[in-house]
Amino acid sequence: LSHSLYYSEGLRQTEELIGTSAISLVQKTLKPLQVAGFEHYCKIHHNTSCSAAPIIDASGELVGVFSLAGPKDKVNSHTLGMVIATASAISNLMKADQANSTLSEKTNMYMTILDSMNDGLIMLNAKGIVQYINPFGAKTLHIDRRKAINKPIDSLVDFDPIIMHALRSGVGYT
C-alpha cells in the first residue's frame, strides 16, 4: 500500500486519534469486523479495506488487534474469516502458555514439598517402574534417585517389594 509507511509495531489506532477504522472499532466493540473505502474516517484510508479481530488474553482482556489491510477493490469476505481464525489462534496460544506456566509453577511447588519430606516416598506405575522417589526414600533404600527413575523397583532393591505382589495380582494388601 502507498501509505504502508504509516503502520509500525506498537502503533496506536484508537477512534479518538484516527476516527473510524477496523482497528479502532474492534478496540471499542471487542468484535471482529471489516471496514472498506469511505467507511474509514481518514481520507488516506479511503482506498483500503481492513479486516480486524481482537486478541484476548487468559483473563479476558484485550491485548491487541490482529488486522490485515489491502486495496479496497481486492476486499473479500474470506479475509475476515482468516483474520478471525488467526486472532483466535493467537489468543488460544496465549491462554495455553498461561495455563502451562501456572501448571509448571504448581508442579515445582509440589515437587519441593515432596523432596523435603522426612518420610520416604516412591511413586510407581502399574508395572512397578519408578516414576519418582524423594531424597529420603532413596537414602533409606541406598539407591541413587536419578538412576532409579524409569527402572523396575525390584531391580533396585535386594528384597521382594510387597507392592509387586499387589501390582501383579491386581489385589490390594492390608
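Residues numbered from 1 in each chain as written. Predicted model: local features only at pLDDT ≥ 70, side-chain atom pairs only at ≥ 80, totals over all residues. Heavy atoms only, no water.

Draft legend 1. View of the overall build of the chain. A count of helical and extended segments in the chain gives six helices and five strands. Mapped from its N terminus to its C terminus, the chain presents α and β elements in the order α-α-β-β-β-α-β-β-α-α-α. Across the 174 residues that make up the chain, the buried fraction comes to 28%. Taking contacts inside the chain between residues at least 6 apart in sequence as the whole, the part at least 24 apart equals 33%. Looking at the chain as shown, the accessible area adds up to about 11700 Å², and 57% of this sits on carbon and sulfur atoms. (Helix = DSSP H or I, 4+ residues; strand = E, 2+ residues; numbered from the N terminus. Buried < 20%, exposed > 50% of the residue type's maximum accessible area, 1.4 Å probe, protein only. Contact = heavy atoms within 4.5 Å. Areas by Shrake-Rupley, 256 points an atom, 1.4 Å probe, with all protein chains shown as cover.)

Draft legend 2. Representation of helix H3 (residues 77-115) within the structure. For H3, spanning 39 residues, the distance from its first C-alpha to its last is 57 Å, which sits close to the expected 57 Å at 1.5 Å a residue. Here H3 has its buried residues at Thr79, Leu80, Val83, Ala87, Ser91 and Leu114. On the buried face of H3, the contacting elements are strand E1 (33-36), strand E2 (48-56), strand E3 (62-71), strand E4 (122-124) and strand E5 (130-133). Its side-chain oxygen 2.7 Å from the backbone nitrogen of His78, Asn76 forms the N-cap of H3. (Expected span 1.5 Å × (residues − 1). Polar contact = N/O pair within 3.5 Å; in protein donor to acceptor, adjacent residues only side chain to side chain.)

Draft legend 3. Highlighting the sheet that holds E3. Judged by pairing direction, the sheet is antiparallel, and its three strands sit side by side in the order E1-E2-E3 without closing on themselves. Single-partner strands in this sheet number two, and they are E1 and E3. The sheet shows a mean angle of 20 degrees between the axes of neighbouring strands, taken without regard to direction. Sheet topology note: the E1/E2 ladder contains four bridges and is antiparallel. Paired with Leu33 across the two strands is Ala52, which belongs to E2. The strands touched by helix H2 (residues 22-29) are E1, E2 and E3; relative to E2, the strand with the most contacts, the crossing angle is about 30 degrees. (Pairing = 2+ DSSP bridges. Axes fitted to C-alpha atoms, helices over the stretch in contact; angles between N-to-C directions.)

The quantities given are spatial measurements derived from coordinates; they are silent on function.
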